[in-house]
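Observations on the three-dimensional arrangement
One letter stands for each residue in the lines below.
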Protein chains: 2
Amino acid sequence: MNKQELTVKGFSFAALSAGLKKEGKLDLGLIFSDVPANSAGVFTTNKVVAAPVVLTAPRVRGGLCQAILVNSKNANACTGKQGMLDAGRCSMEMAAVLDIDETLVAVSSTGVIGQRLPVDKITAAMPQLVSGLDPGNAEAVAEAMMTTDSFSKVSAAYGSFKESPYTILGLAKGAGMIHPNMATMLGFVVTDAKIAPELLDTMLKQAVESSFNRITVDRDTSTNDMVLLLANGASDAEIEADSSEAVTFSELLAEVLLDLAKMIVRDGEGATKLVKVEVIGAASAGDALLAAESVATSSLVKTALFGEDANWGRIIAAVGYSGAEIDPDRVDIRVGDILLAEDGLATSAEQEEAATAIMKQPEFTVTVDLKSGDGSAYYYTSDLTYDYVKINADYRT
Amino acid sequence: MNKQELTVKGFSFAALSAGLKKEGKLDLGLIFSDVPANSAGVFTTNKVVAAPVVLTAPRVRGGLCQAILVNSKNANACTGKQGMLDAGRCSMEMAAVLDIDETLVAVSSTGVIGQRLPVDKITAAMPQLVSGLDPGNAEAVAEAMMTTDSFSKVSAAYGSFKESPYTILGLAKGAGMIHPNMATMLGFVVTDAKIAPELLDTMLKQAVESSFNRITVDRDTSTNDMVLLLANGASDAEIEADSSEAVTFSELLAEVLLDLAKMIVRDGEGATKLVKVEVIGAASAGDALLAAESVATSSLVKTALFGEDANWGRIIAAVGYSGAEIDPDRVDIRVGDILLAEDGLATSAEQEEAATAIMKQPEFTVTVDLKSGDGSAYYYTSDLTYDYVKINADYRT
């Protein structure tokens, strides 16, 4: 994807090193819309909520947003009243430098919990940040959001309505602490389509449900998660509720978010595999989701994925304790298209060998067919590796 | 503890290598009571239930048991009708060799799921097993139960009632797949006290709740878990319901089970730490348990324990997503007696250093005070290490 494709009418982007990370790495980013954009947001469900989330959520839910300021390295979480003051100061100074209303500024932070945000470094960098705003800088903002991420995450989709083209551009960060609902992840999506805030809100929630809420790296969720969607209407494509264009837009939005979500799992801390766990034939959709989540989060399944070990016993055991209604004697398990277990029993040594070969690939699907109904659900997960332990045992040192 | 202390009147023990494990390691064990003993049992809640559990549960719940046959290396789980036939053949042949009623035999298996039990090896070894029965052989049975365990687990407590001494002797196995309810663990407890089956059942359930149901290594539970309690009445100590002796016996039983449970966590796959997570001051006991379980099972907390990193942000985040009612601005976190966070905020660099020093010890307590009520609960957990990944990625190869 070249830079040309990563532009959205009326949006500009900037990133720089404000000295939060070492070695001059990008750590501060800004997304700016020429005009106030309609906005929607989804936020962490953790009861411990970081200051920037507390400040930003009501503003974005208010329906208008013009600027998103994001820093990495420090989460400004568990920082009490001081943290709220610090987030407020960032927001106020950013508004002043941009000469816009403060309520149009969203602030977000990601990084270590429990340490005071270095506000002075951030505010000192703001004039330079604003002067660097450029329509082609989106990838730099994605880079500035990274913490334990090993690559920056950008995705885009393109649509048109009545010959007016529009773009949906998404940036995300996240590698560890990945679990519904929202995990330690930030996602910023901007579009030049014209969409009312209520419709934006509905479409965002649906798209998050089928993407960011269907991935897991570990079971931990964080204090800072947020996904924001801004639509500034710079394109003439006007999307109205209950229209076929709304359906198309929703599909494209879901595509962008799922693409970003899969990148997060692929970049899961220490991960070497991206595995789709698909449960079909469940008694209900709820049972399917319980079973898929249980398999996707089992440490024993995830270490077996790392070991490329077609140990279906761990998979069926995880289904068994998931709480889903199942008949163990009807369960089929496939790796790719290889039937590894049928009616709860091993198939053959040849099939196990074939399944093991598939597991050597970096991406594959594990399908559990409960043969008890029509319910289905999926989850994307990573393997659990030495490097996951290494990254998280040493993170602050 | 010398062998003398590990005897219980009227019980004898035997173990040998039946060729299930490599290199002649002990893999088959037998616990035998001279007379049918009153019995109680607690079994896996996994919906995928191994054949030996299906066979044994109704027998033990029937109230009488005289022999427990246990094998390691193969779980006889996910083996369908053949698995039930195999478990039945073991039980039938064991009864024949011992010359007792078949319904008095409990069978249990632990090891790999989904492979057929090598019944012929097991039945061929039975005569030799029975001829090796000896009151002083309990530790050998504990050894024969081991799979990924790095040490055998035996604990005993001693009581007396009206000058009649009695012993409670417990054997357990378990290292991975440890999580309520029951996990991949086997526990066999025998006593020479005289206790009615109904009372045994009540006391066992209570003691399991405060011991085996309060430990976690990973979140996985298994298809084979069982804890059996046999009381053969060979001592004159007769324990009756609602008596002060019943209270004493319950306390001793809980002590033995907790001791075994802690051994299992200490032996957690790859574990280098045994950490007690204690939640106090919760709005209710249920909230305390949710919070304790969430902290004790968080991969991020467990890797920080391995890294000896006093990263209380991960602890408070795990409390925050636990579902427990909390006020983040009131939470205190201690490591040992060092206050690491107060009212949701970091205390001082000196205190963090002192906490880090405590975390270098092999065993310590993390206390979370929610300051919102009287509810309290605890969990024992291990750290998440490279070796956990290694053991589970390579288990079958």
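Quick caveat, the model's predicted, so the values are computed rather than measured.

Before going further, it helps to examine the interface of chain B and chain A. It is common to give the size of an interface as the accessible area lost on bringing the parts into contact. Taken together, the contact pairs 48 residues of chain B with 48 residues of chain A. Elements that contribute at least two residues to the side of chain B that touches chain A include exactly helix H8 (299-306), helix H9 (312-320), strand E15 (345-346) and helix H11 (386-393) of chain B. At 6 residues, H9(B) tops the list of elements feeding residues into the side of chain B that touches chain A. Residues belonging to the side of chain B that touches chain A are distributed by class as follows: 22 nonpolar, 18 polar and 8 charged.

Here we take up the nonpolar core. Among the nonpolar cores identified, the biggest contains 284 residues, and Ala67(A), Ala291(A), Ala67(B), Leu228(B) and Ala291(B) are the most heavily contacted of them. A total of 11 residues in this core trace back to one element, the largest contributor, which is helix H6 (residues 244-266) of chain A. Not counting residues up to four positions away in its chain, the partners in contact with Ala67(B) are Leu30(B), Ile31(B), Phe32(B), Met94(B), Leu98(B), Ile100(B), Leu104(B), Val105(B) and Ala106(B).

This paragraph deals with the relation of the copies chain B and chain A. When chain B is brought onto chain A, the operation consists of a screw motion whose angular component is 180° and whose axial shift is 0.0 Å, with 0.0 Å RMSD remaining. The transformation relating the two chain copies, once decomposed into turn and shift, fits a two-fold axis. Within chain B, Tyr386(B) has its C-alpha nearest the rotation axis, a separation of 2.5 Å. Interface overlap between copies is the fraction of interface residues in one copy that are interface residues in the other; for chain B against chain A it reaches 100%, indicating a shared surface.

Moving on, we come to the domain arrangement of chain A. Residue and element names in this part refer to chain A. Entries for chain A in the domain assignment read domain 1 (9-266) and domain 2 (274-393). In this structure, domain 1 and domain 2 have C-alpha centres spaced 33 Å apart. The partner domain 2 presents 10 residues to the 11 residues of domain 1 that form the contact. Ranked by residue count, the leading element in the side of domain 1 that touches domain 2 is H6, at 4 residues. Its residues assigned to classes, the side of domain 1 that touches domain 2 comprises 4 nonpolar, 3 polar and 4 charged.

So, about the sheet that holds strand E15 (residues 345-346) of chain A. Across a sheet, paired strands are connected by hydrogen bonds in the backbone, their directions being either parallel or antiparallel. All names here are of chain A. Read across the open sheet, the 7 strands follow the order E9-E17-E12-E16-E13-E14-E15; overall the sheet is mixed. If you trace the sheet from one side to the other, it starts and ends with strand E9 (215-216) and E15, each paired once. In the sheet, strand E14 (residues 338-342) pairs with E15 via 2 bridges, with the strands oriented antiparallel. Its bridge partner being in E15, Ala 341 is matched across the sheet by Ala 346. Sheet contacts for H6: E9, strand E12 (274-282) and strand E17 (375-382); angle to E17, the most-contacted strand, approximately 45°. Strand contacts of helix H10 (residues 349-359): strand E13 (332-335), E14 and strand E16 (363-369), with the helix running at about 125° to E14, the strand carrying the most contacts.

The next subject is helix H1 (residues 51-61) of chain B. All names here are of chain B. When H1 is considered as a whole, its buried residues turn out to be Ala 51, Pro 52, Val 53, Leu 55, Thr 56, Arg 59 and Val 60. Contacts from the buried residues of H1 go to strand E2 (28-43), strand E3 (64-71), helix H2 (80-98), strand E4 (105-109) and strand E10 (226-231). Where H1 ends, the next residue or the one after it, Gly 63, has phi of about 110°, a positive value.

Two quantities define a packed helix pair, namely the angle between the axes and the distance from one axis to the other. Residue and element names in this part refer to chain A. Interaxial distance between helix H2 (residues 80-98) and helix H3 (residues 119-131) falls to 10 Å at its minimum, and their mutual angle equals 20°. The angle between the axes of H2 and H3 places the two elements in the roughly parallel class. The handedness of the crossing between H2 and H3 is right-handed. Contact with H2, carried on its side by Asp 86, Arg 89, Cys 90, Glu 93, Met 94, Val 97 and Leu 98, involves Val 119, Ile 122, Thr 123, Met 126, Pro 127 and Val 130 of H3 and no other residues of that element. Class assignment for the residues of the contact of H2 with H3 results in 9 nonpolar, 1 polar and 3 charged.

On to the confidence of the model for chain A, then. As a general rule, the predicted coordinates of low-pLDDT regions are not to be interpreted in detail. Residues and elements named next belong to chain A. The predicted model of chain A has a mean per-residue pLDDT of 90, with 94% of residues at 70 or higher. Low pLDDT, under 50, characterises residues 178-183; the predicted model gives this stretch 31 contacts beyond four residues in sequence or across chains. With a pTM of 0.81, the predicted complex shows an ipTM of 0.74.

Its identity as a non-glycine residue notwithstanding, Asp343(A) has a phi of 50°, on the positive side. With respect to the helices, strands and loops of the structure, Asp343(A) is situated in the loop between E14 and E15. Asp343(A) sits in the partly exposed class, given 13 other C-beta atoms within 10 Å. For Asn76(B), which is not glycine, the phi dihedral falls at a positive 45°. Take Asn76(B): it is sitting in the loop between E3 and H2. Its 33 C-beta neighbours within 10 Å are what place Asn76(B) among the buried residues.

The rules behind these values
Within each chain, residue numbers correspond to sequence positions counted from 1 in written order. Going through the entries in the order they are written, you letter the chains from A and number the ligands from 1. With the structure being a predicted model, the display of local features is reserved for residues of pLDDT at least 70 and the display and counting of side-chain atom pairs for 80 or more, all residues being used for whole-chain, interface and lining totals. Remark: residues whose backbone-derived C-beta atoms lie within 7 Å of one another are considered to be in contact. Put simply, DSSP marks the helices as runs of H or I at least four residues long and the strands as runs of E at least two long, and each gets a number from the N terminus on. In the scheme used here, Gly and all other residues not listed as nonpolar or charged are polar, with Ala, Val, Leu, Ile, Met, Phe, Trp, Tyr, Cys and Pro taken as nonpolar and Asp, Glu, Lys and Arg as charged. Each nonpolar core comprises buried Ala, Val, Leu, Ile, Met, Phe, Trp, Tyr and Cys residues, the members being joined through C-beta atoms within 7 Å. Using C-beta atoms placed from the backbone, we call a residue buried if 20 or more other C-beta atoms fall within 10 Å of its own, exposed if 12 or fewer do, and partly exposed for counts in between. A residue counts toward the fit only if its pLDDT is at least 70 in both copies, and the copies are then superposed by least squares on the C-alpha atoms of those residues. As annotated, the domain borders come from an automatic or database domain assignment. In this description, strands pair whenever DSSP reports at least two bridges between them. Axis lines are fitted to C-alpha atoms, over the contacting stretch for helices. Their N-to-C directions set the angle, which ranges from 0 to 180 degrees. Comment on the angle field: the value is read as roughly parallel under 35 degrees, roughly antiparallel over 145, roughly perpendicular from 65 to 115, and oblique elsewhere. Less than a right angle of anticlockwise turn of the near helix away from the far helix marks a crossing as left-handed, whereas a clockwise turn marks it as right-handed. What pLDDT expresses is the predictor's confidence in each residue, scored from 0 to 100.

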